[in-house]
Every structure is written in C-alpha cells, then in structure tokens.
Amino acid sequence: MKTWHGGCHCGALGFEFRTALPPATWPVRACQCSFCLKHSGVYTSDPSGSVRFTHQEPQLLSRYRFGHKTADFVFCGRCGWYLGAVAEEGGETLMVVNLRAFDPQPEGLPAAQPMSYEGESGDARNSRRASRWTPVSDS
Ligand SMILES: [Zn+2]
C-alpha cells in the first residue's frame, strides 16, 4: 500500500488515500452533474484501499447535499476547497476523493472519463458506491 496525501488549500483539512494501485491504473471519473462541473470534481477511489482524515481544524469541515441527498460533498469552510464526496452504505462510510485536492498531484494518471449517473435507480447507486468507493477508516 502506498499513501497519497491531499487536503484543502489553507491546510485546515486533509486526508490520506491508501492504495496498492499505481496511479496509471486508477479510475479517473469526471462526473457530469451540475455540482461536479461547477467544482471541477474529478474523482478516484479504490474499494480495496482506504481513506483516513487528517484534519488540523475539523470544525471547518462543511458539508453540502443536493439532488438525492444520499451523499455529502465535503469542503473547507475557510478556503472553500472541495475534497470529495462521502456516503454511508451498509454501515460503512465510503468516499470518492477529488483528485484536484491531491498534493502533490499523482503522475501518470489516465485521462478523465466523463460519467453521467442521471436516471440511475437508488439500488443501482447504492451498489455502485459499495463496489467502487473507498472505505473511510479511523486509523
Ligand atoms: Zn481550507
């Protein structure tokens, strides 16, 4: 497993993304929904990896929900940087991290694939997240 670091611009919020996969094989998904287009959300995840939060000032974490309201979009309340989306599935917390929050940027990433999830049923959305998103761990 290798650990990749990311966070917001002002340093209040951070995360570690752990994966055994080299960046050239990471999924890179550019969601085409109205929110992700506005915030340049480009995501990766690894269901066999993990995400751990390393926030310096966790009180600055702010969350936004829209649409189906089944995921929280997570930001810094000071600098506004967008870290990714978090959802609860089957008692687990899962996340997709925004690649633009990585520091440094991983080299050799594949080109982003435009994704549209419009019209997806609730069941399809849950199983997609369960099979693709990264589990969030405390340690
Ligand atoms: Zn910040």
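As shown above, the structure is provided for reference.
Owing to the predicted nature of the structure, the values given are computational and were not obtained by experimental measurement.

(A) Geometry of the sheet that holds strand β2 (residues 14-19). In spatial order, the strands read β1-β2-β5; together these three strands make up an open sheet with antiparallel pairing. Looking at the sheet topology across the chains shown, the edges are occupied by β1 (2-7) and β5 (50-53). The average angle at which neighbouring strand axes cross in this sheet is 25°, direction not considered. Here β2 pairs with β5 via four bridges, running antiparallel.

(B) Region of interest: the nonpolar core. Of all hydrophobic cores here, the largest spans 21 residues; its most connected members are Phe15, Phe17, Val51, Leu83, Met95, Val97 and Phe102. Elements with a contribution of two residues or more to this core: β2, β7 (72-76), β8 (82-89) and β9 (92-98). In this structure methionine 95 touches Ser45, Val51, Phe53, Leu83, Gly84, Ala85, Val86, Trp133, Thr134 and Val136, once residues within four positions along its chain are discounted. Within the second largest apolar cluster, 13 residues are counted, among which are Phe75, Tyr82, Leu94 and Val96.

Criteria and cut-off values
Within any chain, residue numbers begin from 1 and follow the written order of that chain's sequence. Local features in a predicted model are, by the rule used here, given only for residues with pLDDT of at least 70; side-chain atom pairs are given and counted only at 80 or more, and totals for whole chains, interfaces and linings are based on all residues. With hydrogens and water stripped out, all remaining heavy atoms of the structure feed into the side-chain values. A pair of strands is considered paired only if DSSP assigns at least 2 bridges between the two. Only DSSP runs of H or I with at least four residues qualify as helices, and only runs of E with at least two residues qualify as strands; both kinds are numbered from the N terminus onward. The axes used here are C-alpha line fits, helices contributing only the stretch in contact, and every angle between their N-to-C directions lies in the interval 0 to 180 degrees. Joining through side-chain atoms within 4.5 Å is the link that ties buried Ala, Val, Leu, Ile, Met, Phe, Trp, Tyr and Cys residues into a set, and such a set is a nonpolar core. Burial classification: accessible surface area is computed with a 1.4 Å probe over protein chains only, and a residue below 20% of its type maximum counts as buried, one above 50% as exposed, and the rest as partly exposed. Residues count as neighbours in contact if any of their non-hydrogen atoms are within 4.5 Å of one another.

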